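Here are the chains, one letter per residue:
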Amino acid sequence: MLLLSREGTGHTRLDVAVTVMDERHAPRSFAFAAAARDAGLRASVYLGASGKLGRQLKWASDTGARWALIYGNTEEEAGTVTVRDMTSGQQAAVPLSGLSDYLADLAARPRD
């Protein structure tokens, strides 16, 4: 399920790309995408077969995503989701309880 909108140039751009590091994390990944959409961001969940982070981040970059949400075993144990800025490479560990507010803040930032 890829939800993108068309810009005036005919190119699509994604705001948030959500990784799926393990099949058991897929329901939560889809919930993260829904939260991003609720914040007014265009979001999609990785639907490929690879559980490799590098491949999923390449997909995120190829889609023009501004941010990637990473949720794997480490994040599950910490109760966080990693939000990666795809331009700068900077990452922030965001508590699950604060993700909606964090995404709303991202949505308020000007687009490139």
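The rules behind each value
Once a new chain begins, its residue numbering starts again from 1 and follows that chain's sequence as written. For this predicted model, a pLDDT threshold of at least 70 governs which residues receive local features, and a threshold of 80 or more governs which side-chain atom pairs are given and counted, while totals over whole chains, interfaces and linings are taken from all residues. With hydrogens and water stripped out, all remaining heavy atoms of the structure feed into the side-chain values. By salt bridge we mean one thing: a side-chain nitrogen of Lys or Arg within 4 Å of a carboxyl oxygen of Asp or Glu. Put simply, DSSP H or I for four residues or longer makes a helix, DSSP E for two residues or longer makes a strand, and each gets a number counted from the N terminus. Only protein chains enter the calculation, and the probe is 1.4 Å; a residue is then buried if its accessible area is under 20% of its type maximum, exposed if over 50%, and partly exposed in between. To estimate how far a helix should reach, multiply one less than its number of residues by 1.5 Å. Pairs of residues are marked as contacts when any of their non-hydrogen atoms sit within 4.5 Å. Two strands qualify as a pair provided DSSP detects at least 2 bridges between them. Note on geometry: axes are C-alpha line fits, over the in-contact stretch for helices, and angles between N-to-C directions span 0 to 180 degrees.

Brief notes about the pattern of salt bridges
So, point 1. In this structure the tally under the stated criterion is 6 salt bridges.
So, point 2. With a shortest N-O distance of 3.0 Å, Glu 76 and Arg 24 are connected by a salt bridge. Of this pair, Glu 76 sits in helix H3 (residues 73-78) while Arg 24 is found in the loop between strand S3 (16-18) and helix H1 (26-38), placing the two residues 52 residues apart along the sequence.
So, point 3. Its relative accessible area of 34% is what places Glu 76 among the partly exposed residues.
So, point 4. Note that Asp 62 and Lys 58 form a salt bridge whose closest N and O atoms lie 2.8 Å from each other. Residue Asp 62 and its partner Lys 58 are located together in helix H2 (residues 53-62), separated by 4 residues, close to a single helical turn.
So, point 5. The exposure class assigned to Asp 62 is exposed, which follows from its relative accessible area of 57%.
So, point 6. The network of salt bridges with shared partners includes Asp 15, Arg 42 and Arg 66.

Thoughts on H1
So, point 1. A rise of 1.5 Å per residue sets the reference length of H1, with its 13 residues, at 18 Å; its end C-alpha atoms lie 18 Å apart and thus fit the reference within 8%.
So, point 2. The secondary structure elements touched by the buried residues of H1 are S3, strand S4 (43-45), strand S5 (67-70), strand S6 (80-85) and helix H4 (99-108).
So, point 3. Directly after H1, the chain includes Gly 40, whose backbone phi takes a positive value near 90°.

Here's the deal with the sheet that holds S6
So, point 1. Strands sit in the order S4-S3-S5-S6-S7 across an open sheet of 5 strands; the sheet is mixed. A single partner strand is all that each edge strand has here, and the edge strands are S4 and strand S7 (91-95). The average undirected angle you get between the axes of adjacent strands in this sheet is 25°.
So, point 2. Two strands pair when backbone bridges link them, and S3 and S4 are joined in this way by 3 bridges, in the parallel orientation. Bridge assignment links Val 16 to a residue of S4, and that residue is Ala 43.
So, point 3. Running at roughly 175° to S4, H1 makes contact with S3, S4, S5 and S6 of the sheet.
So, point 4. Contacts between H2 and the sheet are confined to S3, S4, S5 and S6, with S5 contributing the most and set at about 150° to the helix.

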